[in-house]
Amino acid sequence: MHVLVTGAGIVGSEAVRVLLSRRLRVSVLLRGSPAEHEQKALALRAWVGPHAADALDCVPGNIELAELGLESRARAGLADVTHVLHVAACTSLLSSREQAQAANVAGTAGVLAFARQLPRLAHLAHVSTAYLDDQTSGLVYERPLPEAGVEFHTEYARSKAQAEALVLRSELPASICRLSLVLGRLSDGHLPRMNDAPYALMRLLRDGLLSMFPSAPGQRVDMLPLDFAAESLVALLLAPKTATSIYHVAAGKERSPTIAEYLGSIQETLTELDPSWARRGLPAPLAVPREVFARYVQTMEEIAGDRLRSIARKLEGFTRPIQLPKDFDRSQFESKLGPLACELPHARSWLPRVIAHAFEVDFRGDVSGPARRPGRSAS
Amino acid sequence: LCVTADRFPDRARREIVYSLMSDGASAAVVSRHPQRQRMLGLSQLTRGVYWDGAASHDQIISAYFPLARQAFFEALARAELTPADLKLLIPHNITLKSWEILAPLLGLPMERVYTTNISRIGHVVASDNVINYLDAVAEGLLVAGDRVALLVTGFGAHFGCLVLEV
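Because the structure is a prediction, the values reported are computed rather than measured.

Peer 1: Is there a simple way to explain the overall build of chain B in this structure?
Peer 2: A tally of regular secondary structure across chain B gives four helices and eight strands. By the compact-globule yardstick of 15 Å for 166 residues, chain B fits well, its C-alpha radius of gyration being 15 Å. Projected onto its principal axes, the C-alpha positions of chain B cover 40 × 30 × 30 Å. Residues classed as buried in chain B amount to 47% of the 166 residues present. Partitioning the contacts of chain B with sequence separation of at least 6, the portion at a separation of at least 24 is 66%. Accessible surface, chain B: about 8,200 Å² in total, of which carbon and sulfur atoms supply 56%. Put simply, chain B has 15 plus and 16 minus side-chain charges, and the middle of one group is 3 Å from the middle of the other.

Dropping the structure here:
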């Protein structure tokens, strides 16, 4: 088995670690200049730990370029790829249409075209997002989106939906894995990068800059630990392929915290790590109806200074996908993976560890997975 | 007898934290057994962490809505009332936009927030509540027996709410 992973971001890096732990041959596309490639390869090798060096091949490439930007020798080395994990994407909720289209739509088209040339291809798993649109509230099913009438909350979501449509039309042996929000590892809280929305909220809350948050009473937010997400993606990739399927790689209603629980967990963890933070008496952010939140953001836009305006803009972007209450059905995911899909405990049992780790390392991503850094004060 | 007076220096900017500042003074008599304007509940919060207003400007703005809401509901709880029991909220005259955000968080429609004086006289610092209360009475918006909440915030940061029976 030879697995091609199209990127080594947060999820890609951990997926590579899981694949190598199964003693598989793995090639990873890394974009950038030769110096950047070298740096990314070093970081990836540090993250995956002491696996056989010859099992991992870091290949210079870029999914946005023709033929994935591969040199002929590299292309020849990938000719026997049997499985493709397409995880490379522009994942910023604040990305422009051009950025999102280039990476997520044109990039996916490039990966599919490349996959068509692979004579031994058994399965391509395309990693998408569970939070695809903001029109749906209630239970979201593992089904294709309607072809028309969907209003997207971000250019990111629009581009991921378009990429899903490309995969569904590709007639390749492919699956779509819609991934939930990903936080640090269940085992130790580690994460290669801590810039995404859940971490940005932790920082704002710690710094007393999170005034309010759009949420209906009891609204949940679906989130996964990185290692569970990667184990699940790899298991789906390697499982015997049937028809093109859509899976919600998500925690589901029974294992997801409410938004209030999530924010409360951040406060409790901060209090435990640093009692002086608690003594400052910073107020808990308010969970407010989305109309009120929209007015708050608009007011900050109109009258606030640069910093608060920037925070309001980011908050608005971060929270768009979760402004309507929704939960994710994962019947097909559970049916495909069986007990593995059910091993995930409720978030309240793992969130405190993940949050504590983020504060301990002061949101510096972990280059090295297994090694723990010395503890730090929370503020 | 409680007296308060505020006057800005001659060349000071009259815009602070998005509010138009005025000069003014007011006075109120507080007695143990009043015939009218009985105090039903009072809440006062101080957060010394924001003592340096300039350095913690953004944090104060971020804390404003949660702490103002907390002061309001604590005062209501002490008065054993709910927002539905209030005839009016008598605000301090900071920017109207802030009340459009805060009112729904207090469970009040904007029609029950007395905002007339925000554009008419601006923010008269500590005198806002007294002036607004008297003007609301003079306009016939309040009659004996009505319940009102007077909400105020000051740099420092202090948040206060007083529930009165007219």
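Alright, that's what it looks like, and here's the rest.
Peer 1: Sorry if this is basic, but what is going on with the interface of chain B and chain A here?
Peer 2: Accessible area lost during the coming together of the parts is what is often quoted as the interface size. Counting residues at the interface gives 19 residues for chain B and 24 residues for chain A. For the pairing of chain B and chain A, the buried interface totals around 1,900 Å² over both sides, and the portion due to carbon and sulfur atoms is 68%. On the chain B side of the interface with chain A, the three residues burying the most area are Tyr18(B), Ser62(B) and Ile101(B), jointly 28% of the side's total. Here chain B and chain A share two salt bridges between them. Close ionic contact of Glu302(A) with Lys97(B) constitutes a salt bridge, the shortest N to O distance being 2.5 Å. Seen at the junction of chain B and chain A, the total is five residue pairs in polar contact (both at pLDDT 80 or more). Counting residues per element, the ones that place at least two in the side of chain B that touches chain A are α1 (57-79) and α2 (96-105) of chain B. Among the elements that make up the side of chain B that touches chain A, the one with the highest residue count is α1(B) (nine residues). Residues that form the side of chain B that touches chain A fall into these classes: eleven nonpolar, three polar and five charged.

Peer 1: In this structure, what is going on with the state of the cysteines? I would like to understand it.
Peer 2: Cysteine pairs can be covalently joined through their sulfur atoms, and such a bond is termed a disulfide. Inspection of the entire model under this criterion finds zero disulfides over all chains. No disulfide involves Cys177(A); its nearest neighbouring cysteine sulfur is the one of Cys342(A), lying 17 Å away.

Peer 1: Teacher, can you tell me more about the pattern of salt bridges here?
Peer 2: A side chain with one charge may pair with a side chain of the opposite charge, provided their charged atoms come close. The tally for this structure, following the rule as stated, stands at 27 salt bridges over all chains. The shortest N-O distance in the salt bridge between Asp80(A) and Arg25(A) comes to 2.7 Å. Residue Asp80(A) is found in the loop between α3 (72-77) and β4 (83-86), and its partner Arg25(A) is found in strand β2 (residues 25-30); the two are separated by 55 residues along the sequence. Where Asp10(B) meets Arg7(B), a salt bridge forms, and the shortest distance between an N and an O atom there is 2.9 Å. Through salt bridges with shared partners, a single ionic network connects Glu14(A), Arg17(A), Arg185(A) and Asp188(A).

Peer 1: Help me out: how do you make sense of the sheet that holds strand β6 (residues 88-90) of chain B in this one?
Peer 2: Sheets are built from strands that pair by backbone hydrogen bonding, the pairs being arranged parallel or antiparallel. Residues and elements named next belong to chain B. Pairing within the open sheet is mixed, and its four strands lie in the order β5-β8-β7-β6. Every other strand in the sheet has two partners, leaving β5 (38-46) and β6 as the edge strands with one partner each. Taken over all neighbouring pairs, the strand axes of this sheet differ in orientation by 15° on average, direction set aside. As judged from the three bridges shared by β6 and strand β7 (residues 147-154), these two strands associate in the parallel manner. In the sheet register, Ile-90 faces β7, and the bridge partner there is Leu-150. Sitting on the sheet, α1 is in contact with β5, β6, β7 and β8 (158-165), with an inclination near 145° to β5.

Peer 1: Please clarify how the pairing of β7(B) should be interpreted in this entry.
Peer 2: Note: β7(B) against β8(B), eight bridges, orientation antiparallel. Residue pairing for β8(B): Arg147(B) is matched across the bridge by Glu165(B).

Peer 1: Please explain α1(B) as it appears in this structure.
Peer 2: Note on helix geometry: an α-helix contains 3.6 residues per turn, so any two residues three or four positions apart are oriented the same way. Residue and element names in this part refer to chain B. An ideal rise of 1.5 Å per residue puts 33 Å on 23 residues; α1 measures up with 32 Å between its terminal C-alpha atoms. The sharpest bend along α1 reaches about 45° and sits at Tyr-64, with the proline Pro-66 one to four residues further on. At the C-terminal side of α1, Glu-80 shows a positive phi close to 55°.

Peer 1: Would you take a moment to explain the packing of aromatic side chains for this structure?
Peer 2: Residue and element names in this part refer to chain A. All chains considered together, the criterion is met by nine aromatic pairs over all chains. With a centroid separation of 6.5 Å and an interplanar angle of 85°, the aromatic rings of Tyr-199 and Phe-363 are classed as edge-to-face. With a gap of 164 residues between them, Tyr-199 in helix α6 (residues 197-206) and Phe-363 in the segment after α14 (347-360) connect regions that are remote in the sequence. We note that Tyr-199, like Phe-363, is buried.

Cut-off values and rules
- Residues numbered from 1 in each chain as written.
- Chains lettered and ligands numbered in written order.
- Predicted model: local features only at pLDDT ≥ 70, side-chain atom pairs only at ≥ 80, totals over all residues.
- Heavy atoms only, no water.
- Helix = DSSP H or I, 4+ residues; strand = E, 2+ residues; numbered from the N terminus.
- Rg over C-alpha atoms; globule rule 2.2 N^0.38 Å.
- Buried < 20%, exposed > 50% of the residue type's maximum accessible area, 1.4 Å probe, protein only.
- Contact = heavy atoms within 4.5 Å.
- Areas by Shrake-Rupley, 256 points an atom, 1.4 Å probe, with all protein chains shown as cover.
- Lys, Arg positive; Asp, Glu negative; His and termini not counted.
- Charge placed at Lys NZ, Arg CZ, Asp CG, Glu CD.
- Buried area = accessible area lost by both parts, 1.4 Å probe.
- Salt bridge = Lys/Arg side-chain N within 4 Å of Asp/Glu carboxyl O.
- Polar contact = N/O pair within 3.5 Å; in protein donor to acceptor, adjacent residues only side chain to side chain.
- Nonpolar A, V, L, I, M, F, W, Y, C, P; charged D, E, K, R; others polar.
- Disulfide = S-S within 2.5 Å.
- Pairing = 2+ DSSP bridges.
- Axes fitted to C-alpha atoms, helices over the stretch in contact; angles between N-to-C directions.
- Expected span 1.5 Å × (residues − 1).
- Bend = angle between axes of the 7 residues up to and from the residue.
- Phe/Tyr/Trp six-rings, centres within 6.5 Å; stacked < 30°, edge-to-face > 60°.

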